[in-house]
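Close look at the chain arrangement
These are the residues of each chain, in order.
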Amino acid sequence: MTYARFLGLFVVLPLLFLVWRYRRTFTARSLAPMGLLLVVVYAATSPWDNAAVKWGLWGFDPERIWGIKLGYLPLEEYLFFGLQTLLVGLWARARLSRALEQKPAARQPEPRSEGRKLTAREAAP
């Protein structure tokens, strides 16, 4: 399987599904942190991966990549950094927004015994 086919099946398709599924909840403002996250991911991952390939820790089969390289890494590897970050980030954002939208269960007040002083926790609004 080529790297591009792997990205298409296991990253791009789930990413497209997420975008379609949560399209009504995503706004430019809610997605803005993704830009910062992508900058951090590329800044942290690119030097390490380039060094690892240069030092022979791992490599890429020329038969399975497009052949376009930036530094020591194929273009598909850079696409993986960004697309995987978007996939996980959008999924986490969608799940978090759903969790925050749910109303917390109403707390029932605990019965107090008469004459007992309230604790700070009980007295707080």
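Placed above this text is the structure.
A few points on the structure. Residue positions are given per chain, counted from 1 along the sequence in the order it is written. Reporting in this predicted model follows two pLDDT cut-offs: at least 70 for local features of residues, and 80 or more for side-chain atom pairs to be given and counted; totals over whole chains, interfaces and linings ignore these cut-offs and use all residues. Water and hydrogen atoms play no part in the side-chain values, which are based on all heavy atoms of the structure.

**Some points on the overall build of the chain**
Rules: Numbering goes from the N terminus for both helices and strands, where a helix is a DSSP run of H or I of at least four residues and a strand is a run of E of at least two. Burial status follows relative accessibility: with a 1.4 Å probe on protein chains alone, a residue under 20% of its type maximum counts as buried, one over 50% as exposed, and anything between as partly exposed. What makes two residues a contact is simply this: any of their non-hydrogen atoms within 4.5 Å. In this description, accessible areas are obtained by the Shrake-Rupley approach with a 1.4 Å probe, and a residue is regarded as covered only by the protein chains that are shown.
Summing up its helical and strand segments, the chain has four helices and two strands in all. Traced from its N-terminal end to its C-terminal end, the chain shows the element sequence α-α-β-β-α-α. A burial count over the chain gives 24% of its 125 residues as buried. Nonlocal contacts in the chain, meaning residues at least 24 apart in sequence, comprise 66% of its contacts between residues at least 6 apart. Working note: accessible area of the chain is about 9,700 Å², and carbon and sulfur atoms make up 64% of it.

**Brief notes about helix H3 (residues 75-101)**
Note: α-helices contain 3.6 residues per turn, so residues at a spacing of three or four share the same orientation. For clarity, the cut-off: A helix is expected to span 1.5 Å for every residue after the first.
With 27 residues, H3 extends 39 Å from end C-alpha to end C-alpha; this agrees with the ideal 39 Å at 1.5 Å per step. Within the span of H3, buried status applies to Glu 76, Glu 77, Tyr 78, Phe 81, Gly 82, Thr 85, Leu 87, Gly 89, Leu 90, Arg 93, Ala 94 and Ser 97. Where H3 is buried, its residues meet helix H1 (3-21), helix H2 (28-54), strand E1 (69-70) and strand E2 (73-74).

**Re the environment of Gly 71**
With respect to the secondary-structure elements, Gly 71 resides in the loop between E1 and E2. Owing to a relative accessible area of 63%, Gly 71 belongs among the exposed residues under this scheme. As a C-alpha pair, Gly 71 and Asn 50 span 21 residues in sequence and 6.7 Å in three-dimensional space.

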